[in-house]
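Structural features, examined
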Amino acid sequence: EPLSKKYAFLQFSKIELDLSNVTIKKKRVEEIESERFDLITSRAVADSNFLVKLSRHLIADGGNWLFYKGEESASQIEGKNVQIYSKNKRHYILIRNEEC
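Let us look at the structure shown here.

The rules we used
All residue numbers refer to positions counted from 1 along the written sequence of the respective chain. Given that the model is predicted, a residue must reach a pLDDT of at least 70 before its local features are reported, and side-chain atom pairs must reach 80 or more before they are shown or counted; all residues, however, enter totals for whole chains, interfaces and linings. Where side-chain values are given, they derive from all heavy atoms of the structure, hydrogens and water being excluded. Helix and strand assignments come from DSSP, with helices taken as H or I runs of at least 4 residues and strands as E runs of at least 2, each series counted from the N terminus. To sort residues, take the accessible area from a 1.4 Å probe on protein chains only and compare it with the maximum for the residue type: under 20% means buried, over 50% means exposed, and anything in between is partly exposed. Strand pairing follows a simple DSSP-based rule, namely that at least 2 bridges must link the two strands.

So, the environment of Ile93
Take Ile93: it is sitting in strand 4 (residues 90–96). Judged by relative accessible area, which is 0%, Ile93 ranks as buried. Residues Ile93 and Gly63, 30 residues apart in the sequence, show an inter-C-alpha distance of 14 Å.

Now the structure itself:
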């Protein structure tokens, strides 16, 4: 999360919830080079296929992407490794690290 205000909130949440296994980066995904993560999340930023392509080099073996999207986004990505959960016109897209 490159924005200071959102980054600070995420850091606060991590501390309050005692999430010692969570790493929050104050960078855009394009600025992260060689680290690997078990979970990459995004909140309604871009098309799901684009987000997967943009961050594929950062996902660990067996890792997942979890995107929080609007009601029109459920059709953005398909595959046996994609699960979509819907509630109140919002979609949560879980993508397992396999070919999309």
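Here's the deal with the pairing of strand 2 (residues 59–69)
Judged from the 6 bridges that link them, strand 1 (residues 37–43) and strand 2 form a sheet pairing that is parallel. What sits directly across from Ile40, in strand 2, is Trp65. Strand direction decides the pairing type here: strand 2 and strand 4, joined by 6 bridges, are antiparallel. Residue pairing across strands places Asn64 opposite Arg96, the latter belonging to strand 4.

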